[in-house]
Amino acid sequence: MTRRCTLLFLIVILTACNTGGPGATPATAPPSTARATATAPTTTPPLPAPSPTRTAALPTATSTPSMPTPTQPLPIPTAAPTPTTAGLPEPRRSLVLQLLGDGQVIAEGVTTEELAGYQSEVGREPERYALRVLVSDGSQKAEVAVRDPLPHALFHHLEMAYIRDLDGDSRAEATVLDFTGGAHCCFDYHIFASEHNGVRERDAFTLGNGAIERVEDLDGDGVSEMVAGDDRLALVAGLAMAATPFLPLVLCLQEDKTFSDCTARFPALVEESAAHYEELMASPENNELTRQAAAVGVYAHYARLGRPQDGLYRIASRCLECLRFVEQHRDEIGERLRESRPMHLEASP
Ligand SMILES: [Ca+2]
Ligand SMILES: [Ca+2]
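Residues numbered from 1 in each chain as written. Chains lettered and ligands numbered in written order. Predicted model: local features only at pLDDT ≥ 70, side-chain atom pairs only at ≥ 80, totals over all residues.

Caption draft 1: Local environment of the overall build of the protein. Regarding its fold elements, the protein presents twelve helices and 13 strands. When the 349 residues of the protein are sorted by exposure, 28% land in the buried category. Across the protein, every contact between residues at least 6 apart in sequence was considered, and the portion connecting residues at least 24 apart equals 52%. (Helix = DSSP H or I, 4+ residues; strand = E, 2+ residues; numbered from the N terminus. Buried ≥ 20, exposed ≤ 12 C-beta atoms within 10 Å, placed from the backbone. Contact = placed C-beta atoms within 7 Å.)

Caption draft 2: Quick look at the confidence of the model for the protein. Looking at the protein as a whole, its pLDDT mean stands at 80, while 72% of the residues score no less than 70. Here residues 5-87 scores under 50 on pLDDT; set against residues more than four positions off or in separate chains, the count is 22 contacts. (pLDDT = per-residue confidence, 0-100.)

Caption draft 3: Layout of the nonpolar core. Judged by nonpolar contacts, the single largest core of 60 residues is most densely connected at M281, A295, V298, Y299 and I315. Element by element, the count of residues in this core is highest for helix α9 (residues 288-304), at nine residues. Counting contributing residues, this core receives three or more from each of domain 1 (90-206) and domain 2 (268-337). Not counting the four nearest positions on each side in its chain, I315 is found in contact with M281, A295, V298, Y299, C322, L323 and V326. (Core = buried A, V, L, I, M, F, W, Y, C linked by C-beta atoms within 7 Å. Domains from an automatic or database assignment.)

Caption draft 4: The arrangement of the sheet that holds strand β1 (residues 94-101) in detail. On the basis of which strands lie adjacent, the open sheet formed by four strands has the order β2-β1-β3-β4 and antiparallel pairing. Each edge of the open sheet carries a strand with a single partner, namely β2 (104-109) and β4 (141-144). Averaged over all adjacent pairs, the angle separating strand axes in this sheet is 35°, with direction ignored. Taken together, the four bridges between strand β3 (residues 129-136) and β4 define a ladder with antiparallel strand orientation. Looking at β4, one finds that V133 is bridged to V144. (Pairing = 2+ DSSP bridges. Axes fitted to C-alpha atoms, helices over the stretch in contact; angles between N-to-C directions.)

Caption draft 5: Quick look at the packing of helix α10 (residues 308-318) against helix α11 (residues 320-328). With their axes 6 Å apart at the nearest point, α10 and α11 run at an angle of 140° to one another. Considering their axes alone, α10 and α11 lie oblique with respect to each other. Each of L312, I315 and A316 in α10 lies in contact with α11, whose residues at this interface are L320, C322, L323 and V326. By residue class, the composition of the contact of α10 with α11 is seven nonpolar, no polar and no charged. (Parallel < 35°, antiparallel > 145°, perpendicular 65-115°, else oblique. Nonpolar A, V, L, I, M, F, W, Y, C, P; charged D, E, K, R; others polar.)

Caption draft 6: Inspection of the environment of S194 at higher detail. Locating S194 in the fold gives a position in strand β7 (residues 187-195). Placed 55 residues apart in sequence, S194 and S139 show a C-alpha to C-alpha distance of 9.8 Å.

Caption draft 7: Geometry of the environment of T175. Summarising the element assignment, T175 is placed in strand β6 (residues 173-179). Each C-alpha atom of the pair T175 and V135 lies 9.7 Å from the other, and the pair is 40 residues apart in sequence. Setting aside its immediate chain neighbours within four residues, T175 contacts A161, Y162, Y189 and I191.

Caption draft 8: Representation of the sheet that holds β7. Taken in spatial order, the five strands line up as β5-β6-β7-β8-β13 in an open sheet, and their pairing is antiparallel. Both edges of this open sheet fall to β5 (157-164) and β13 (343-344), since each of them pairs with a single strand only.

Caption draft 9: Representation of α10. Taken residue by residue, α10 has G311, R314 and I315 as its buried positions. One side of α10 carries all its buried residues, which in axial view fall inside an arc of 100°. Turned more than 90 degrees away from the buried face of α10, the exposed residues are Q309 and S317. Among the structural elements, α8 (267-282), α9 and α11 are those in contact with the buried residues of α10. (Arc of directions from axis to C-beta.)

So this is what it looks like as structure tokens:
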């Protein structure tokens, strides 16, 4: 009875093998070579991939630039770039400068340097021409109001200075620099954000001779600050422009999404900058003018922190002649310190 059962069982198995029935494949484990070929496509795509693409690319060999592109991108997607683009779709921001003649776009570029060829023509009949500066996020555009009229505006230098998140929502804003040179020197900034209703200008300000040096979250609250140069002491006390001490200026985002001076919240940064001027002031190798200018810097830094006496004490202990100079111009320095930065410009409509 049991022998007949075993025989029947064997017959069933044999017929299953011959017909290649559904139970056959999982039951009979594939030979090691077969397993290797079967698993190859899933486990080792990077290995066989380069050679097939190389041969596949051969027919298009006439277009030589396409050759390196298909072979190179293969390893790249497995690296860092893919996860970053997998997040929120980040707008593709760019700057577009259009020169209009009688209302029509006659030239387009990214910088005024690219439109330089039209300067003399525009200079002859400026009223016929207009410069349109646009910030694009890939789908929407907004206009940047350039302060100077033509033909002077063609001598500006416009660039996308920063594409950084300025309000902590993980989406970058575009900070456009309009370096005006000439009449209203020099560093104008326009900040644009992509919002539900298009690209909007959030703030526009000028820093005079001071530029934004970096964008960084100084206090770790998740929102970046802008660290700029503060030129409020330019030519103070009869000092030459080159000798003018620059103060640090920190700009913080306000509730209304504009930026305002919050330097006093970062005393360490101000003291670090003051130390630089203190060194210049104390060094006997420097001439009298340099030391006096540096002393103005030392005083102004501490005055900005609400501790003018600290500044005077430091000057007195390292350069007594400098103290006399600062005392002599203290009112004028004080007046400059009461100025406000940044100077806001009228935002674009
Ligand atoms: Ca943002
Ligand atoms: Ca911050």
